[in-house]
Amino acid sequence: MSIRNVYLFGQGVVPGIVIGRAHLIQGASQYAWNQRHIAPEEGTDELDRLRLAVEMSWQQLEDIKEQLAGESKDPGHILEAHQMMLRDAELQASIEKLIISERINAEWAVLRTLGAWEERFLRIENEYIRERFSDLRFVCTRLLRTLSGQTATEVTAPPPDAIIIAQELSPADTILLGRNAVAGLITLRGGKTSHTVIIAKAFEIPTVVGVSRAFEHVGEGDLLVLNGHKGEIIVNPDAKLVSVYRAQSHRLIAKDQALLEKAHLPGMTADGTPVHVLANLDFADEILKAKGHGAEGIGLYRTEFLFMVHEKDIADEQVHYQDVRELLERWPGGGPVTLRTFDLGGDKFPLTAQLAREANPALGQRSLRLALAHPHIFKAQLRGFLRAFALFPHLDLRIMFPLVASVREFLTAREILLECYRELCIEGHDVPDTFKIGAMLELPAAMMITDMLARECQFFSIGSNDLIQYALAVDRGNEKVAHMYRGLHPGILRMVRHAIRAAGEAGVDISICGDLATEPIPALILLGMGLRSFSMPPVFIPYAKDFLRTVHLAEIEELTAHALTLPCADDIEAFMRQSLGHRLQDTFWSEILEK
Amino acid sequence: MREEIEVELVNEQGMHTRPAKLFVETAVKFASEIEVSYDGLSANGKSIMGLLGLLAYRGCRLVITATGDDAKAAVDALAGLVRSGFNE
């Protein structure tokens, strides 16, 4: 009997709770491919077998490409590059040479060739160059599967309710799996913005990535619970856990339906105080889903994706223009649309990624600092935004700068934006002058000068994730200190209260777009402190609106006033839990977040 | 005929999969043999793996050599593609 209830953790990238059987897909490096020496007379046969497998693999990709034609996130060009690699004369020649000179079979020769390339690629520090190796690995894995007679069916026809586990999945594999109604996806490699994740999102397959130890703990056919909200996997759950999760997933589905029907109702508390519930988005095509989930605006549109996985080497003005135009075209209006300029770490930024690493990247040249250090890239983005704005002058359009540290820094960024605006006007673009310019409050020092920033900014958005990290000096990813990352720390709450008050006094809109907005207790405390606008991933919106309709503002204000007198995060949480009682337990909002 | 030209990789991610694919697609339109050299390595300009194997990133200077009747046109087209940042 295998061990029960083994918990594995990764990064939940597509939400949803599913229960299913593990189906392992082995990449080139894990699977024990048939490797054998061959007799000299077998050489010709082996070469024929290789050539046939190359052509069959090429055709498989061609078939996938045809199926894909016309889909919005068409990765056809990637598949074409993979086809070109398959037929590459040099690659074939090196495999063939090994078959003949080393007297090994085709599988072994492919593996040896792949190994030689891996050595060459992975010596390089440069992240972009290393990434190129994954393309070759996908191609060779496909070739090996074909050689082993598995063809593509091994991947395309997993058992019903399968939860797929793989080192990584190629875009082609993910599409095929998506069409075969798999229950969930788990990959060992991380990366929230890979092509694979984009496709999984499009097919709404609950997905957890970066579960690095999955192959050590999961066997073929093991029962799994996958929680795509929390990034959690339970291997071989006992009957009790299964029933809890099955009930939860059924209730989630039922509740989802019921809540979605009510999602269009305006956000408000039980006493009728309006509370705006906005959406955080990563992709333009999520906007319809956001509207369907009841978003009253876009509180945060992230643009990092364009820099990280756009097949362009760097997003230029046209790319930004197209992207924002696609977003705005689909937005039916009503409520703000807030675009955040790129918020990249130096390691993710195309121009600096290959330079020496910073000793302390969180405190280094990232986000707005990078933008100001590379004004031509910053301007390309801003010009792209503004050109798209020209087409939609009636919308409430906003541009937000991340990681603003000082009034001076905000003014510098704003001046660059206004310079772009003036240039475009001279060039004859009819950019409306009604768009708003605001700042994210995510540095403790910025929170404390909200009143001064308020003289220049037209709106604020609290970025709680970075705020907590910087204020408490805790890296959430470091398991030794992750427990100290507490949004309910009184120090955090005081800073947030200070900012909400200062913004309120100045009459400047303030919202929150960090994870704190998605957790019921902190969200209620923010409400009690006067915040009336919350931005969150669309999936949370129906839950948040539903929960808000159960609380009275006067009561929440009273609870908040007391909570703010308590010295520890734990005390605050316990007090709120006790006071809210069953209302908190009954909300599915907390159920999708908590065990 | 033999033509040679030196160009700088200006696109941000260097000789990535997509640029390499575009390079090959352009190179195969010409009858000339195409060679691309960088940092002591040289690759067949009609091979995507050869080009990727150069491990060339932004700022690297590539030498493109074409040998054949249409060498001049080939070198011009390929240099143009690289200089344009692969039309991005």
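Residues numbered from 1 in each chain as written. Chains lettered and ligands numbered in written order. Predicted model: local features only at pLDDT ≥ 70, side-chain atom pairs only at ≥ 80, totals over all residues.

Colleague: Tell me about the overall build of chain B, residues and numbers included.
Modeller: A tally of regular secondary structure across chain B gives three helices and four strands. Residue burial in chain B is summarised as follows: out of 88 residues, 52% are buried. A sequence separation of at least 24 residues applies to 71% of the contacts in chain B between residues at least 6 apart. (Helix = DSSP H or I, 4+ residues; strand = E, 2+ residues; numbered from the N terminus. Buried ≥ 20, exposed ≤ 12 C-beta atoms within 10 Å, placed from the backbone. Contact = placed C-beta atoms within 7 Å.)

Colleague: Please give an account of the packing of helix H21 (residues 520–528) of chain A against helix H23 (residues 553–563) of chain A that cites residues and values.
Modeller: Residue and element names in this part refer to chain A. Contact pair H21 / H23: the axes reach a minimum separation of 8 Å and the direction vectors enclose 100 degrees. Taken together, the axes of H21 and H23 are roughly perpendicular relative to one another. Counted together, Leu524, Ile525, Leu527 and Gly528 of H21 and Ile556, Glu557, Leu559, Thr560 and Ala563 of H23 form the full contact between these two elements. (Axes fitted to C-alpha atoms, helices over the stretch in contact; angles between N-to-C directions. Parallel < 35°, antiparallel > 145°, perpendicular 65-115°, else oblique.)

Colleague: So what's going on with the nonpolar core? Residues and values would help.
Modeller: As a rule of thumb, soluble globular proteins bury nonpolar side chains together. Ranked by internal contacts, the top residues of the largest apolar core, which has 104 residues, are A:Ile298, A:Ala439, A:Phe460, A:Val496, A:Ala499, A:Phe534 and A:Ala544. Each of domain 3 (302–441) and domain 4 (442–595) of chain A accounts for three or more of the residues forming this core. Membership of the second largest hydrophobic core comes to 95 residues, among which are A:Leu176, B:Val24, B:Ala56 and B:Ala71. (Core = buried A, V, L, I, M, F, W, Y, C linked by C-beta atoms within 7 Å. Domains from an automatic or database assignment.)

Colleague: Any details on the pairing of strand E13 (residues 436–441) of chain A? Residues and values, ideally.
Modeller: Residue and element names in this part refer to chain A. Note that strand E12 (residues 396–401) and E13 share four bridges and pair parallel. Bridged to Arg398 within E13 is Lys436. As a crossover connection, the stretch from E12 through helix H16 (residues 407–426) into E13 is right-handed. Where E13 lies against strand E14 (residues 459–462), three bridges are found, and the strand directions are parallel. Directly across from Leu441, in E14, lies its bridge partner Ile462. (Pairing = 2+ DSSP bridges. Right-handed = clockwise from strand over helix to strand, strands pointing away.)

Colleague: Mind laying out the environment of B:Ala71, listing which residues take part and the relevant values?
Modeller: For B:Ala71, the location among the structural elements is in helix H3 (residues 71–83). Once the C-alpha coordinates of B:Ala71 and B:Ile34 are considered, the two residues, 37 residues apart in sequence, prove to be 8.4 Å apart.

Colleague: I'd like a description of the confidence of the model for chain B, backed by residues and values.
Modeller: Residue-level pLDDT values for chain B average 91, and 99% of them are 70 or greater. At the level of chain-chain contacts, confidence expressed as ipTM amounts to 0.90, with global pTM at 0.60. (pLDDT = per-residue confidence, 0-100.)

Colleague: Give me the lowdown on helix H1 (residues 17–27) of chain B, citing residues and values where you can.
Modeller: When you tally the buried positions in H1(B), you get nine out of 11 residues, the bulk of the element. The set of residues buried in H1(B) consists of B:Thr17, B:Arg18, B:Pro19, B:Ala20, B:Lys21, B:Leu22, B:Phe23, B:Val24 and B:Ala27.

Colleague: Account for helix H20 (residues 490–506) of chain A, naming residues and giving values.
Modeller: Side chains that are three or four residues apart share a direction in an α-helix, a result of its 3.6 residues per turn. When the terminal C-alpha atoms of H20(A) are compared, their 24 Å separation across 17 residues agrees well with the 24 Å that a helix rising 1.5 Å per residue should span. Within H20(A), the full set of buried residues consists of A:Ile492, A:Leu493, A:Met495, A:Val496, A:Arg497, A:Ala499, A:Ile500, A:Ala502 and A:Ala503. (Expected span 1.5 Å × (residues − 1).)

Colleague: Pulling in residues and values, what's your account of the packing of helix H13 (residues 317–330) of chain A against helix H15 (residues 375–389) of chain A?
Modeller: All names here are of chain A. It is the contact of H13 with H15, at a shortest axis distance of 7 Å, that shows an interaxial angle of 35 degrees. When the axes of H13 and H15 are compared, the crossing they make is right-handed. Along its contact with H13, which presents Glu317, Gln318, Val319, His320, Tyr321, Val324, Arg325 and Leu328, the element H15 presents Ala380, Gln381, Arg383, Gly384, Phe385, Arg387 and Ala388. Taken together, the residues of the contact of H13 with H15 sort by class into seven nonpolar, four polar and four charged. (Left-handed = near helix turned anticlockwise from the far one by under 90°. Nonpolar A, V, L, I, M, F, W, Y, C, P; charged D, E, K, R; others polar.)

Colleague: So what's going on with the sheet that holds strand E3 (residues 17–25) of chain A? Residues and values would help.
Modeller: All names here are of chain A. Strand order across the open sheet formed by eight strands is E1-E8-E7-E3-E4-E5-E6-E2, with mixed pairing between neighbours. If you trace the sheet from one side to the other, it starts and ends with strand E1 (6–9) and strand E2 (11–14), each paired once. In this sheet, neighbouring strand axes are inclined to one another by 30 degrees on average, regardless of whether the strands run parallel or antiparallel. Across four bridges, strand E7 (residues 223–227) lies against strand E8 (residues 232–235) in antiparallel orientation. If you follow Asn227 over to E8, its bridge partner there is Glu232.

Colleague: A description of the sheet that holds strand E3 (residues 41–44) of chain B should follow, citing residues and the corresponding values.
Modeller: Residues and elements named next belong to chain B. Reading across from one edge, E1-E4-E2-E3 is the order of the four strands in this open sheet, with antiparallel pairing throughout. Of all the strands in the sheet, the pair left with one neighbour each is strand E1 (2–8) and E3. Strand-to-strand twist of the sheet, defined as the mean angle between neighbouring strand axes without regard to direction, takes the value 20 degrees. Inspection of the sheet shows E1 paired to strand E4 (residues 61–67) by seven bridges, in the antiparallel sense. Within E4, the position partnered with Glu4 by the bridge is Thr65.

Colleague: Explain the pairing of E3(A) residue by residue, including any values.
Modeller: Sheet faces and side chains relate simply in a regular strand, where the side chains alternate between the two faces. Residues and elements named next belong to chain A. Of all nine residues that make up E3, eight are buried, and the element is covered over most of its length. Bridge count for E3 against E7 is five bridges, and the pairing is antiparallel. The residue bridging Ile19 from the neighbouring strand is Val225, located in E7. Two elements, E3 and strand E4 (residues 162–166), share five bridges in a ladder whose sense is parallel. Pairing of Leu24 across the sheet is with Ile165, part of E4.

Colleague: How would you sum up unusual backbone geometry? Please name residues and give values.
Modeller: Residue and element names in this part refer to chain A. Positive phi outside glycine occurs at Ser367, with the angle close to 55 degrees. Position of Ser367 among the secondary structure elements: in the loop between strand E11 (336–340) and helix H14 (368–373). Of note in this structure, Ala473 is not a glycine but carries a positive phi near 55 degrees. Within the secondary structure, Ala473 is located in the loop between helix H19 (464–472) and H20. Given 10 C-beta atoms within 10 Å, Ala473 falls into the exposed group.

Colleague: An account of the environment of A:Arg476 is requested, with residue identities and associated values reported.
Modeller: Residue and element names in this part refer to chain A. Its place among the elements puts Arg476 in the loop between H19 and H20. With 14 C-beta atoms counted inside 10 Å, the residue Arg476 sits in the partly exposed group. For the pair formed by Arg476 and Asp466, sequence separation is 10 residues and the distance between their alpha carbons is 9.9 Å. Filtering out sequence-adjacent residues up to four positions away, Arg476 remains in contact with Gln469, Ala482 and Tyr485.

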